Amino acid sequence: MLLKDIRAIVSEPVVLSPEDPSAENANTNWFGAPPHERMGLSADEVVATLEETAFVLREQVAGAGHQGSATFYVWHDAVAGQLRCSAGTCKPSDLPFETPYQVTDDLRAIVVEFLEDRAPGSIAWGQLEPVPYPEETDEAGLAVWAFDLTPFGR
């Protein structure tokens with residue numbers, strides 16, 4: 001079901017609106033899967049499906065005649081227990097996250113983290129960690145895989 005839902009992203013139009021970035025929230029998708037489904041999937045097949053989706057989105061952006069930056073990006077929202085993705089008229093360095101993030105080339109690591117989450121959207125009591133004081137913030141931030149949707153040759 002997860003792979004089918006990811007592939008369905010391309011059946012909806014991509015909203016690219018640099019003058020109204022909040023309109024691009026329509027591009028955000030979130031996917032959950034029960035533990036038994038996660039155990040039945042390989043990271044490689046989820047990665048392949050996301051990459052395939054990204055290439056189709058790039059073709060759609062080119063076909064729409066969009067001029068300017070466009071990025072498809074994927075992350076694991078551990079708090080919600082979801083794999084999420086979105087697209088927008090931003091560069092990877094300017095993604096619309098309110099928390100620190102780190103762009104990575106390692107989509108597989110993000111997918112593995114999602115698939116190995118056996119308690120989606122919850123934290124086991126023994127895994128609770130103290131909240132750091134502001135001066136102890138994690139510099140790396142959220143891992144986000146970003147794919148340039150800008151058609152090549154522009």
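Residues numbered from 1 in each chain as written. Predicted model: local features only at pLDDT ≥ 70, side-chain atom pairs only at ≥ 80, totals over all residues. Heavy atoms only, no water.

This next bit is on the packing of helix H3 (residues 43-63) against helix H4 (residues 107-115). For any two helices packed against each other, one specifies the inter-axial angle together with the distance between the axes. Put simply, H3 and H4 touch, their axes get as near as 9 Å, and they point 125° apart. The angle between H3 and H4 places the two elements in the oblique class. Helix-helix and strand crossings are classified by hand; for H3 and H4 the assignment is right-handed. Listed contacts from H4 to Ala 43, Asp 44, Val 46, Val 47, Leu 50 and Glu 51 of H3 are Leu 107, Arg 108, Val 111, Val 112 and Leu 115. Across the contact of H3 with H4, the residue classes break down as eight nonpolar, no polar and three charged. (Axes fitted to C-alpha atoms, helices over the stretch in contact; angles between N-to-C directions. Helix = DSSP H or I, 4+ residues; strand = E, 2+ residues; numbered from the N terminus. Parallel < 35°, antiparallel > 145°, perpendicular 65-115°, else oblique. Left-handed = near helix turned anticlockwise from the far one by under 90°. Contact = heavy atoms within 4.5 Å. Nonpolar A, V, L, I, M, F, W, Y, C, P; charged D, E, K, R; others polar.)

One open sheet holds the five strands; their spatial order is S1-S3-S2-S5-S4, and the pairing between them is mixed. Of all strands in the sheet, those with a lone pairing partner are strand S1 (29-31) and strand S4 (101-104), marking the two edges. Sheet twist, expressed as the average angle between the axes of neighbouring strands with direction ignored, equals 25°. With four bridges connecting them, S4 and strand S5 (residues 142-148) associate as parallel partners. Bridge pairing in S5 links Val 103 to Val 144. Each of strand S2 (71-77), strand S3 (82-88) and S5 is contacted by H3, which is oriented at about 45° to S5, the strand it contacts most. Sitting on the sheet, H4 is in contact with S1, S2, S3, S4 and S5, with an inclination near 35° to S2. (Pairing = 2+ DSSP bridges.)

Because an α-helix completes one turn every 3.6 residues, residues spaced three or four positions apart along the sequence face the same direction. Taken together, the buried positions of H4 are occupied by Leu 107, Ile 110, Val 111, Phe 114 and Leu 115. Down the axis of H4, the buried set is contained in an arc of 130°. They therefore lie on one face. (Buried < 20%, exposed > 50% of the residue type's maximum accessible area, 1.4 Å probe, protein only. Arc of directions from axis to C-beta.)

Judged by nonpolar contacts, the single largest core of 28 residues is most densely connected at Val 46, Leu 50, Phe 72, Val 74, Val 111, Trp 145 and Leu 149. Of all elements in the fold, only helix H1 (2-7), H3, S2, S3, H4 and S5 reach the threshold of two or more residues within this core. Tallying contributions element by element places H3 first for this core, with seven residues. Setting aside residues no more than four positions away along its own chain, Val 74 makes contact with Leu 50, Leu 83, Arg 84, Cys 85, Leu 107, Ile 110, Ala 143, Val 144 and Trp 145. (Core = buried A, V, L, I, M, F, W, Y, C linked by side-chain atoms within 4.5 Å.)

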